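Remarks on the overall topology
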Amino acid sequence: WILNAYVSRCYRGRGRTSASWKSSKSSLAASRTSSTGQSCKRRRSGTLQPKRTQNASLQKAKMTPLQEGLLGTIIIAIAIWSEPLAIKIGYLDEDFTSRLFDAAPPAETWGTMFAPARGFERYIAYEMLRALATHLGAFYLLGAVRDKWAAAKTADKRQILSRGVMNVLFLAACGYRGLMMWRGWYVEAGWPSIPAALQHVHSALTVGCTATEGNWMTFWKSSDGTGCAPLRFVPQTAHERLYDYDADFQRLSVVMFAFQWKNLLDSVYFDDGLIFVIHHSVVIVVSLFALHPFSHLYGSFFFGVSEVSTTVLAVVALFDAEHGVEELERDFPNTRLVIGGVFAVSFFIVRGIIWPYLTYFYCRDGFRILDNDPDIHSRFLVKLFMGGLLTLSVMQVIWLGQIVLKLREELGGMLSSSKAKAA
């Protein structure tokens, strides 16, 4: 009965017909040792861990490797140079960047749910299509080496690799934009060193501007030369920190909204698992309502810099034997260990230290404007942002625990292997 129920659930998930399901059920009931290809094992993977498609048999390729490679190259080229192409055919206006991002949406729309997002629809659709083109182009491009590289031999494996390529490129772009925002602020402030910058930002977030004579911070003075002026990007009130507008982040938020919609559709199609559907849904909602504008200062980290560690994870996931392509793990074990080590360090610094630090100050500012800010744009949306951030933070804790367990497993395996060789 348990076996029959298991087969029934799996084959309903695959969309089999009633007749084929009965036939498969009888075959499985007759033998519990049927091959792996006949099982319906559900695979759980994440944003950065593409799930292997479950088709048992693949249709014979209709194009040659050369033809697939050429098609993939064309699609990738279109994705890379799509912006001037979209402008030339009239899909995007020539001045769409300045028109959409130079100024914040009108203040009278901030308390509404969707009004600030109007006008971005065509650009959002454009970014979604660009992500799709990157995914599709990488798939066909890998087809060019399907006869020469075992990791790209089947459509299943190329699907995993191409989805990984899309994730790596888009996450790296988001991380780069976030880092460039921070670099711009660093240059603008004229900090002499990174430790000095960290000290000043922490001071601005906690007790305000504290420059004194003989201190390196004295050069950051108000226009009249008395006292120090607050940093533009770390204002001195909770309201200013949460409602400061940044054109670079406004565009990053639109890109993130489109990218997470593509990821959500992929997660549903590839059956990634509930936790990743929740993750993408939360980020979609937050990126949409950030357009009011709201939380741009903090968003430079949560949508930008934090994706640096996620980009490394996207690469590591491809080496995983269960969720990635086993040939990569088999053929490049040392590369996998190095990249895995880089990811563990980056995740600990970015997600384990900076993430909770900024989450604390973000929630503190959120509670402050909820308590005594008459100009708050929407109490519901402020609570929604805080709830979404705390949900994502819980996920960080879960994933951090999984990383620790995985590291223990990897190190244990290496030690066992070393002892066996020594013996």
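Read on for an overview of the structure. (Residues numbered from 1 in each chain as written. Predicted model: local features only at pLDDT ≥ 70, side-chain atom pairs only at ≥ 80, totals over all residues. Heavy atoms only, no water.)

Remarks on the pattern of salt bridges
- A complete count under the given rule lists 13 salt bridges for this structure.
- Where Arg99 meets Asp93, a salt bridge forms, and the shortest distance between an N and an O atom there is 2.8 Å.
- Given a relative accessible area of 47%, Arg99 falls into the partly exposed group.
- Here Asp93 falls in the partly exposed class, since its relative accessible area comes to 37%.
- A salt bridge links Glu127 to Arg130, with the nearest nitrogen and oxygen atoms 3.0 Å apart. Of this pair, Glu127 and Arg130 both sit in helix H6 (residues 121–143), three residues apart, which is roughly one turn of the helix.
- Residue classification places Arg130 among the partly exposed positions, given a relative accessible area of 25%.
- One continuous salt-bridge network, built from bridges that share partners, spans Arg163, Lys262, Asp266 and Asp272. (Salt bridge = Lys/Arg side-chain N within 4 Å of Asp/Glu carboxyl O. Buried < 20%, exposed > 50% of the residue type's maximum accessible area, 1.4 Å probe, protein only. Helix = DSSP H or I, 4+ residues; strand = E, 2+ residues; numbered from the N terminus.)

Re the environment of Ile339
- If you trace the backbone, Ile339 turns up in helix H15 (residues 333–372).
- What Ile339 contacts, discounting residues up to four positions off in sequence, is Val312, Val315, Val316 and Phe319. (Contact = heavy atoms within 4.5 Å.)

Re the nonpolar core
- Core analysis: the largest hydrophobic core is formed by 84 residues, its most contacted members being Tyr123, Tyr243, Phe294, Tyr298, Tyr362, Ile369 and Val382.
- Per-element accounting of this core gives the leading share, 12 residues, to H15. (Core = buried A, V, L, I, M, F, W, Y, C linked by side-chain atoms within 4.5 Å.)

As for the environment of Ala133
- Note on placement: Ala133 falls in helix H6.
- The exposure class assigned to Ala133 is buried, which follows from its relative accessible area of 17%.
- On a C-alpha basis, the gap between Ala133 and Ile78 in space is 7.9 Å, while along the polypeptide they are 55 residues apart.

A closer look at unusual backbone geometry
- For the peptide bond that leads from His292 to Pro293, omega is 10°, which places it in the cis range.
- Tracing the backbone through its elements, the reader meets Pro293 in the loop between helix H11 (274–289) and helix H12 (296–305).
- Even without glycine at this site, Asp271 takes up a positive phi of about 60°.
- Along the polypeptide, Asp271 turns up in the loop between helix H10 (247–269) and H11.
- At Ser295, a residue that is not glycine, the phi angle is positive and equals roughly 65°.
- With respect to the helices and strands, Ser295 occurs in the loop between H11 and H12.

Looking at the packing of aromatic side chains
- Under the criterion given, the structure shown has 19 aromatic pairs.
- Summarising the aromatic geometry, the rings of Phe294 and Phe385 are spaced 4.9 Å apart at their centres and angled 85° between planes, so their arrangement reads as edge-to-face. With a gap of 91 residues between them, Phe294 in the loop between H11 and H12 and Phe385 in helix H16 (residues 379–422) connect regions that are remote in the sequence.
- You can call Phe294 buried: its relative accessible area is 1%.
- Their ring planes at 90° and their centres at 5.2 Å tell us that Tyr298 and Tyr362 sit as a pair that is edge-to-face. Placement of the pair is Tyr298 in helix H12 and Tyr362 in helix H15, with a sequence separation of 64 residues. The pair Tyr298 / Tyr362 is uniform in exposure class, with both members buried.
- Three or more aromatic residues link up through ring pairs in this structure, and these residues are Phe96, Phe101, Phe120, Tyr123 and Tyr126.
- Sitting over the ring of Tyr91, Arg122 keeps its end group 4.3 Å from the ring centre. (Phe/Tyr/Trp six-rings, centres within 6.5 Å; stacked < 30°, edge-to-face > 60°. Lys NZ or Arg CZ within 6 Å of the ring centre and 35° of its normal.)

None of this, on its own, says anything about what the molecule does.
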